[in-house]
Structures are given as structure tokens and as C-alpha cells.
Amino acid sequence: MMFRPRFAFSLLLLTSLLTHGCTSFMARRAILNFADGLESQDLDQIRVATSRNFESKALRQPEAITDLKLLRFPKGDVRVVTLEAIDENSKMATVEIGEGESIQTVDYRLTLDQELGRWVVDDVILSKDDIAGQEIRRSVTDQMDLLLSCRELLKDWESAPRAVRLKHCTNELHAQLSTLPPNWFEKLTSETVGTGRSVTFRPEARLNGDHAVVVAPHPDGSLFVEYRKELNHWKVQNVAIEPRDESETGVRSLLTLAQTLNHTAKFLTSFADGETEKISAYSTPDFYSQSLANGDLSTISLPVAMLIADDYEANQYKDRTELLLESNGAMYMVTVRTVDLPASEDGKTGLNEPRVDEVTIFEANGAEVKKVSAMLLSTSVVDLYIEALRTRNLEKIRSMSSNDFNERVWRTDAAKYFGIMPYPQIDPGETEVISTVFRGDVTEITVVQGDTPMTMILRLSEGWMVIDDVLLPAQDRPVSLKSNLELILPLQAFASGVNRGDVNEVVRYSAHSLNQKVWRQLNYVPEISRELVRPLMSEVIGIRIGDSEVIVHTSDGMISSEIKMARDGDRYVIHDVSLINEASPTKQFRFLQSVRESIATGRLLPKGAQQQFPVIQAAGTREQPQAGSQIRTATFEPIAPEIYSR
């Protein structure tokens, strides 16, 4: 009775041992079959020795055997060192490959094929050290899935239907590519992978968890494909092309370029529809606020349908992307910049997003260059500027003028005298635009204000259209308002200083020679100088600009003046003034010469000096100082008044 239980137990134990030995044998056989197939490059033998999961991910393409070589499996004799059961359906094996010091260890994961009833290889873990000597363990299944995914990407993006190409993308990239116009989608995807590829596919895969980068040859240089795992499948997150030719820009980011194309298409559509508010979502804040928000979009016709349906050329730079679109012989360059969006109300950090920053139109083979910002701003700026000139509103003039105009004219101390000047005479009334010429950042608008024609020179500066000059009809003088005022305003300041007896002001606007020979010696403004005030402030009838000096002519109908001016640094100063009687031209008064003679003869004395001779009266009579009388400084010899006599 006791024999049967012992016999049954022994039988079970023997069966278990035989089963375990058979299982180990089948598992080892699967490893050896896999290794033999790998060495002989027999893809069918490898398929027999591997699981369906391994086959679907690592062996699904005929090129898989080629890509397996890229993983650099160890070569040599294969020995299963350990074999441990994880559970009843999976095992882990440690395998040594090679001999002596060249032995490398590889881990195999095996699974039980329930249908076939045998053990097969489900994955292989390869180990290697990184630059820092740290061990890196990588799954062959993941690596092969990644490499084959890249192969399929290159093949599909060259010619496959749109839906097939989109299947390769992450949700984020899919969202950008799926909304592109058909022609733009076709060009972007096919050119990204390299149309008509003839280069050998020798990729290098770099994995880091659920992220990976595959570097592969490209007809134009090197292709970088960024992958991310979504639902256990490798999906393309981004692509970049590093060009071989340094003169080329390549593709810095496919995702950004797709966003750029999308926003450009939406911008152009909104522009054509005149949707000013909607266009703000696709333009930079400066472009929108300074040009688009208050501009009349209907004044600019853009052939949007043709631009979007046609081809494009993209150049990605570090700080911007330039898209070139062509239609009816005109070239449209859309400049797109990445802007930092503000954080959301829930506190989330703002995103970076490409926005349209400018649209430039090239016509007549590039001879005519128009910027949309300039076209929208020009007319309104001209109207405001003319009104500011007419009313002598210096604050508004400065706010709408270029840096050069401000530095040379409007922000000088002498500009305060502009309010009392008759020049330029601008009539009130509506402004009639005669012509507009666009030259890139510079726009020339010719208008008629009242009876006066004038050409406004506008320049694009930091997103704003500013006035750089105004051209007015003129004879015997420059037509440039800037050139006239940088000469006339110092004259006004000099005349004002003389009239007020402000020697510091006079010195400020005098040339070095006039200062040294007159003002520094006297240290006051003598009465004789006041004869200059009226001529200096009279109408300018001519300006002659020479190499070393400028001659300004004025006239009040009786007396004309010839004012010699010279440049002192960044401004003009007075060197000398000559007064001429127009009825009797021989009657002249040369200021510098006359004052120097008066100083030399003692008729003009330095401030505080005692007079040693009779005082010269305006009538020309002499008066001896009486005892105890107050000593006065000399006035002047009646030379200047004589030029007024006929």
C-alpha cells in the first residue's frame, strides 16, 4: 500500500525534471538558432527563432538583416551561462559570446509561443559603455523598430499618399502638417527626406527612454529625425537637415517650419479678407500694433489664392524664417519671427510661436521694393507730419522723425526757434497724394499741400515709418528741408543771442576764429552787433555749399547779407557776416573786420576796461569826459548805419 504513493511521487519528480530539462534545452536551442541565423544573415532562420512581437517590430522589412548589422552584435562562440524563469511563460538568459578577453555578455529574453509550444527569443539586450564609462543597455527590439521606422519614413514621405505620411507623426507634428495647403505639404515632406534619394541608408540611432534621434545621410547633408514613443510606437516629433554647403540654410526645425507655413497661410487669408482682429493671432505684436491694427488692408491687394496654391522657398535662420512666394511675376517675401507668448491665466508658461513680422513685395525684377508696413503707415504718417510742420508742433515732429533728422535738426537746442520761422510756408487744407515710390525700407510720397508740392522721405525704423526728410521746391538752395534747417536754425539762435546780448549763446553758435577774435576778447555783445539781427532773420534767398564753408544769403528788400558758416563737429556755426546795401552795393559792412579794427583802435574795450579816449557817440560827435563823470565803455563808430543810406 505504501509503494504506490512513493512510486507516484517519484514519477512526478522525474517528469518534472525531464520537463525542466526539455524546457531549458528548447530555450537554449532558440538562442543558438537566433545566433546562427544572425551570423549567416538568414532572415528566415531568425524569424523561426523569434517571437511574433520581435518579428513585427524588428524584422518587418526585408532590409532588417542589413540593419541588424548596424547594432554590432558580438561575434564568436555562443554559450548560455544562466537561464532563469521569470514566470511560466518567460525566461531571462545570460549569454557569453567570444573567447578570452574579447568575451561580451548579452541578455536574452525568451517567451513561450503558446501556439507552437516552443520557446522563442522575444528580445535581446546589448550592453556597451558610454564615453564616461557608464554601462548603457539597449533593447534590440526598440533599436530595430526605430531604424525600420526611419526607413519607412524616408520611403513614404517621398511618394506615399498624404494619410500614410501623416501616420508617421506624433500628435503635435500631425496637427501642424495636416492643415498645410496640399502643395506646401507635398514639398515640405518630400524635400525633407530628400527627393530621389541615392545615398546609402547608414543611420546612427541614439535612444534615451521614450525619446530617440536617428542621424542618417541626406542628399544635401545630414538628416536628424527626432522620435518619440506614442502608444508603444516610434513617431516623428521633428526633423532637421544640416546642410553640407555652409552657404545653405538647411532645415533647422521641420515642426517650426510647418508652423511657419500654417501661420503664413492663415495670415495671408485673413489679410485678403480684411479681418484685422483675426490677423493678430498670426502676426508679431509689433507688426500688428504698429502697422496692421490701424491700417486699411483693402488698399493692398495680395493674390492669396495663387500664393498658397503655388510653390514656396524657405530659408530658416537663427532669428527668422524667410518664405519666398511668387505670383504674376512678383515675388513676395514673408518674414516670420518666433515670439514668446505671455503665460496663460492658469499660470502655465507661455509658448514660443512663429508669427509674421513683415511682407515685402518685389516687383519689376526687384527694381521696386514695397514693404506692407510702409505701405500701411506711409499715408497717415505723412498727413500727421505735414500738420505738425504747419502748426510748428515740435514734440510731434520729433516723435515722427528719423534719428538722423532729429540729431541734425529737431533735437538740437536751436530747434526751439523753429516756431518763429516763416520757413517752410505750408498752407492748410487737405493733402493730395500725387505718387508713391517704395524702395524697401525707404518710401517716397509726393503730395500737394495747398499750392505747395513736396516729397516726403519715409524710412522704416524699428517697425515704425518715420520721416527722414522733406523735399521742397527751391532755387539757389538745397531742396532738402533737413539741409536747410541745419543751417538756418543756428542763424536764428545766433541772431537771438545777439539781440538779447547773451554772449554765451553767441559764443555757442560762433566759429572758433570769431570766438577768439571777438567774443573771448570783449566778453560781451557790443551794440554794433545788433545791426546783424534783422538781416540774419530775413528771408533766405540762397545757399551755396562748398567744400570748406557754406554761404547763406538773406534779404529784407533793402539789405542783403552774406553769412559764412563752417561745420564744427556735427553742427554748423557762424564764421562771419557781411551786410550789403542793395541799392548801393558798394556800401558794405563786414562784421568780423569792423569789430577787430574797433578792438585794435580801442573803440571797443573788454568788459570792465577803462576808456582812455573820448566816447564816440552814435551821431559821430566827440565828448570829453568831465571831472568826476562816470567812465563808460565805447559803443561803435557809425559804420553799420551808413549801409542803410542811399
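Residues numbered from 1 in each chain as written. Predicted model: local features only at pLDDT ≥ 70, side-chain atom pairs only at ≥ 80, totals over all residues. Heavy atoms only, no water.

1. Considering the packing of aromatic side chains
Under the counting rule described, the total for this entry stands at 10 aromatic pairs. Measuring from ring centre to ring centre gives 5.8 Å for Phe34 and Phe54, while their planes differ by 85 degrees; the resulting arrangement is edge-to-face. One end of the pair, Phe34, is in helix H1 (residues 3–40); the other, Phe54, is in helix H3 (residues 52–58), and 20 residues separate them in sequence. Assigned by exposure class, Phe34 and Phe54 land together as buried. In this structure an aromatic cluster arises from ring pairing among Phe34, Phe54, Phe73 and Tyr108. (Phe/Tyr/Trp six-rings, centres within 6.5 Å; stacked < 30°, edge-to-face > 60°. Helix = DSSP H or I, 4+ residues; strand = E, 2+ residues; numbered from the N terminus. Buried < 20%, exposed > 50% of the residue type's maximum accessible area, 1.4 Å probe, protein only.)

2. Thoughts on the packing of helix H14 (residues 403–410) against helix H15 (residues 481–500)
Running from N to C, H14 and H15 cross one another at 25 degrees; their axes reach a closest spacing of 9 Å. Here H14 is positioned roughly parallel relative to H15, judged by the angle of their axes. Residues Asp404, Phe405, Arg408, Val409 and Trp410 of H14 pack against Leu481, Lys482, Ser483, Leu485, Glu486 and Leu489 of H15. Classifying every residue of the contact of H14 with H15 gives 6 nonpolar, 1 polar and 4 charged. (Axes fitted to C-alpha atoms, helices over the stretch in contact; angles between N-to-C directions. Parallel < 35°, antiparallel > 145°, perpendicular 65-115°, else oblique. Contact = heavy atoms within 4.5 Å. Nonpolar A, V, L, I, M, F, W, Y, C, P; charged D, E, K, R; others polar.)

3. A few points about the sheet that holds strand E7 (residues 211–218)
Pairing is antiparallel across the open sheet formed by 4 strands, whose spatial order is E6-E7-E8-E9. Either end of the sheet is taken by a strand with one partner, and the two such strands are strand E6 (204–208) and strand E9 (233–243). For this sheet the average axis-to-axis angle between neighbouring strands, irrespective of direction, equals 20 degrees. Bridging between E7 and strand E8 (residues 221–230) involves 8 bridges; their strand directions are antiparallel. Directly across from Ala216, in E8, lies its bridge partner Leu223. Helix-sheet contacts for helix H5 (residues 140–159) involve E6, E7, E8 and E9, and the interaxial angle to E8 is about 120 degrees. (Pairing = 2+ DSSP bridges.)

4. Some thoughts on the pattern of salt bridges
Throughout the structure, instances matching the rule amount to 35 salt bridges. Ionic pairing is found between Glu55 and Arg47, a salt bridge with its closest N-O pair at 3.4 Å. A relative accessible area of 30% means that Glu55 is categorised as partly exposed. Of the charged contacts, one joins Arg530 and Glu527 as a salt bridge, the two residues approaching to 3.2 Å between their closest N and O atoms. Exposure remark for Arg530: the relative accessible area of 30% places this residue in the partly exposed category. Judged by its relative accessible area of 41%, Glu527 is partly exposed. One salt-bridge network, in which partners are shared between bridges, spans Asp404, Arg408, Arg459, Asp468, Lys482 and Glu486. (Salt bridge = Lys/Arg side-chain N within 4 Å of Asp/Glu carboxyl O.)

5. Overview of the nonpolar core
Core analysis: the biggest nonpolar cluster contains 93 residues, and Phe34, Leu68, Tyr108, Leu177, Tyr227 and Phe267 have the highest contact counts within it. Within the second largest apolar cluster, 72 residues are counted, among which are Ala415, Ile528, Val540 and Leu579. (Core = buried A, V, L, I, M, F, W, Y, C linked by side-chain atoms within 4.5 Å.)

6. Things to note about the packing of helix H8 (residues 182–193) against helix H9 (residues 254–273)
Contact pair H8 / H9: the axes reach a minimum separation of 11 Å and the direction vectors enclose 165 degrees. If you check the angle between H8 and H9, you find them roughly antiparallel. The chirality of how H8 crosses H9 is right-handed. Only Leu254, Leu257, Ala258, Leu261, Thr264 and Ala265 of H9 make contact with H8, whose side of the interface consists of Trp184, Leu188 and Thr192. For the contact of H8 with H9, a count of residues per class yields 7 nonpolar, 2 polar and no charged. (Left-handed = near helix turned anticlockwise from the far one by under 90°.)

7. What to know about the environment of Ser378
Considering the arrangement of structural elements, one finds Ser378 in helix H12 (residues 372–391). With relative accessibility at 2%, the residue Ser378 sits in the buried group. Discounting residues that sit within four places of it in the chain, Ser378 has contacts with Phe438, Thr443, Ile445, Leu458 and Met465. A distance of 2.2 Å separates a polar side-chain atom of Ser378 from the backbone oxygen of Ala374. (Polar contact = N/O pair within 3.5 Å; in protein donor to acceptor, adjacent residues only side chain to side chain.)

8. Quick look at the environment of Val121
Residue placement: Val121 occurs in strand E4 (residues 118–129). Sequence separation between Val121 and Val48 is 73 residues; the distance between their C-alpha atoms is 9.3 Å. Not counting the four nearest positions on each side in its chain, Val121 is found in contact with Ala30, Ile31, Phe34, Ala49, Thr50, Ser51, Phe54, Tyr108, Arg109 and Leu110.

9. Some remarks on H8
Think of an α-helix as 3.6 residues a turn; residues three or four steps apart then line up on the same face. For H8, spanning 12 residues, the distance from its first C-alpha to its last is 17 Å, which sits close to the expected 16 Å at 1.5 Å a residue. Along H8, the residues that are buried comprise Trp184, Phe185, Lys187, Leu188, Thr189, Ser190, Thr192 and Val193. Positive backbone phi, approximately 95 degrees, marks Gly194, located one or two places after H8. (Expected span 1.5 Å × (residues − 1).)

10. Digging into the side chain of Ser373
Positionally, Ser373 belongs in helix H12. At 2.4 Å, the side chain of Ser373 and the side chain of Glu358 are in polar contact. Excluding residues that lie within four positions of it along the chain, Ser373 makes contacts with Phe287, Ser291, Glu358, Leu460 and Met465.

11. Observations concerning the confidence of the model for the chain
Overall, the predicted model of the chain reaches an average pLDDT of 86, with 88% of residues at or above 70. Of the regions scoring below 50 in pLDDT, residues 7–20 engages in 0 contacts with residues more than four places distant in sequence or in other chains. This model gives residues 610–639 a pLDDT under 50, and the stretch forms 35 contacts once residues within four places in sequence are excluded. (pLDDT = per-residue confidence, 0-100.)

12. Description of the pairing of strand E2 (residues 90–97)
Of the strand pairs in this sheet, strand E1 (residues 78–87) and E2 are connected by 8 bridges, and their pairing is antiparallel. Along E2, the bridge assignment pairs Asp87 with Ser90. Taking the residues that link successive antiparallel strands as the turn, the E1-E2 hairpin has 2 residues. Where E2 lies against strand E3 (residues 104–113), 8 bridges are found, and the strand directions are antiparallel.

13. A short note on the sheet that holds strand E20 (residues 550–555)
Strand pairing in a sheet is mediated by backbone hydrogen bonds. Such pairs are either parallel or antiparallel. Strand order across the open sheet formed by 5 strands is E19-E20-E21-E22-E23, with antiparallel pairing between neighbours. The sheet is open, and its two edges are formed by strand E19 (539–545) and strand E23 (588–590), each paired on a single side. Looking at each pair of strands side by side, their axes are set apart by 25 degrees on average, direction ignored. The pairing of strand E22 (residues 571–581) with E23 spans 3 bridges and is antiparallel. Its bridge partner lying in E23, Ser578 is registered against Arg590. Lying on the sheet, H15 is in contact with E19, E20, strand E21 (559–568) and E22; it crosses E22 at an angle near 70 degrees.

14. As for the side chain of Asp576
Within the secondary structure, Asp576 sits in strand E22. Buried within the structure, Asp576 lacks any salt-bridge partner; Lys564 is the closest side chain of opposite charge, at an N-O distance of 5.6 Å. A distance of 3.0 Å separates a polar side-chain atom of Asp576 from the backbone nitrogen of Leu592. Apart from residues lying up to four places away in sequence, Asp576 is in contact with Glu562, Ile563, Lys564, Phe591 and Leu592. (Lys, Arg positive; Asp, Glu negative; His and termini not counted.)

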